[in-house]
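Chain and residue survey
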Amino acid sequence: MERTTMTSDAVTVQIDEAVAVVRIDDGKVNALTLDMIGAIQGALESASAGADAVVLTGRPGCLTAGLDRSVMLGADRSVVSGNLRRVTDLYRQMMDLPVPLVVACPGHAVAAGALFLLVADARVGARVPSRIGFNEVQIGLPLFPLAVAAARARLAPRDFVPATIGATLYDSAGALEAGYLDEVVEPDALLDVATERAAALGGLDRRSYLRTRRLVVAPILDEVERATSRRRDQAPTPG
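Note that the structure is predicted; figures quoted are calculated from it, not measured.

This part is about the pattern of salt bridges. Note that side chains of opposite charge can pair when their charged atoms are close. Following the criterion strictly, the structure yields ten salt bridges and no others. A salt bridge links Asp 25 to Arg 59; the shortest N-O distance between them is 2.8 Å. With a gap of 34 residues between them, Asp 25 in the loop between strand E3 (19-24) and helix H1 (34-50) and Arg 59 in the loop between strand E4 (53-57) and strand E5 (61-64) connect regions that are remote in the sequence. Judged by relative accessible area, Asp 25 falls into the partly exposed class, the value being 30%. By relative accessible area, Arg 59 is classed as partly exposed at 22%. Of the charged contacts, one joins Arg 152 and Glu 223 as a salt bridge, the two residues approaching to 2.8 Å between their closest N and O atoms. One end of the pair, Arg 152, is in helix H5 (residues 145-154); the other, Glu 223, is in helix H9 (residues 206-234), with 71 residues separating them in the sequence. On the accessibility criterion, Arg 152 (46% relative accessible area) is partly exposed. Exposure remark for Glu 223: the relative accessible area of 16% places this residue in the buried category.

To continue, consider the sheet that holds strand E7 (residues 107-110). Pairing in this open sheet of three strands is parallel, and the strands run E5-E7-E9 from one edge to the other. The sheet is open, and its two borders are formed by E5 and strand E9 (132-133), each paired with just one other strand. Relative to E7, E5 is paired through three bridges, and the arrangement is parallel. Residue pairing in the sheet places Gly 61 in a bridge with Gly 107 of E7.

Conventions adopted
Residues numbered from 1 in each chain as written. Predicted model: local features only at pLDDT ≥ 70, side-chain atom pairs only at ≥ 80, totals over all residues. Heavy atoms only, no water. Salt bridge = Lys/Arg side-chain N within 4 Å of Asp/Glu carboxyl O. Helix = DSSP H or I, 4+ residues; strand = E, 2+ residues; numbered from the N terminus. Buried < 20%, exposed > 50% of the residue type's maximum accessible area, 1.4 Å probe, protein only. Pairing = 2+ DSSP bridges.

Purely geometric stuff here, so don't read any function into it on its own.
Structure (structure tokens):
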């Protein structure tokens, strides 16, 4: 039986048989604020408790344009650090979800949105005009360690440097070739295909799936821990 709930005005959860669909739609570009992040976290928790697999998607033409910089990056350093920890918590939840996670990308997925693709178990994109990738260096921001580690693990080696240091943005075909997406389909088939992929993954032995996924993401988390430790060691001593 299908049921739909809302965790905020912009985030809904629809559970139909074995697959739950979490949809982000703020009517604009799905910019991530703390409230949006909290709503997505609540939606993923609810969805994974009620289904065998989860599909995360956005609104027509856009998964998310990334962080709302005026809100998330516009305060003092300690506030910004706290905000980025909340973002990292969301990605870690996605990598540790107790069921398979498929991202259905309906268009643009920039910066923090591109990382949604790199931490998902499977990624299906719509064949529409789009920009996908990390633009942080282009706008004067360094990539944070999780983005670099996930890019190193999931992107094609030849695209790793252009995608990170070079701030290259890709269309859907380029994103497929680079490794942000696993397949590209017509937009009207996007959700159906993503749901089929999620159902197939959800039908696998759950215990083996989760244990194997932990082994797959472990190098990403280890790289993040090493980078974070180096940053702590290099920080100036107060006084």
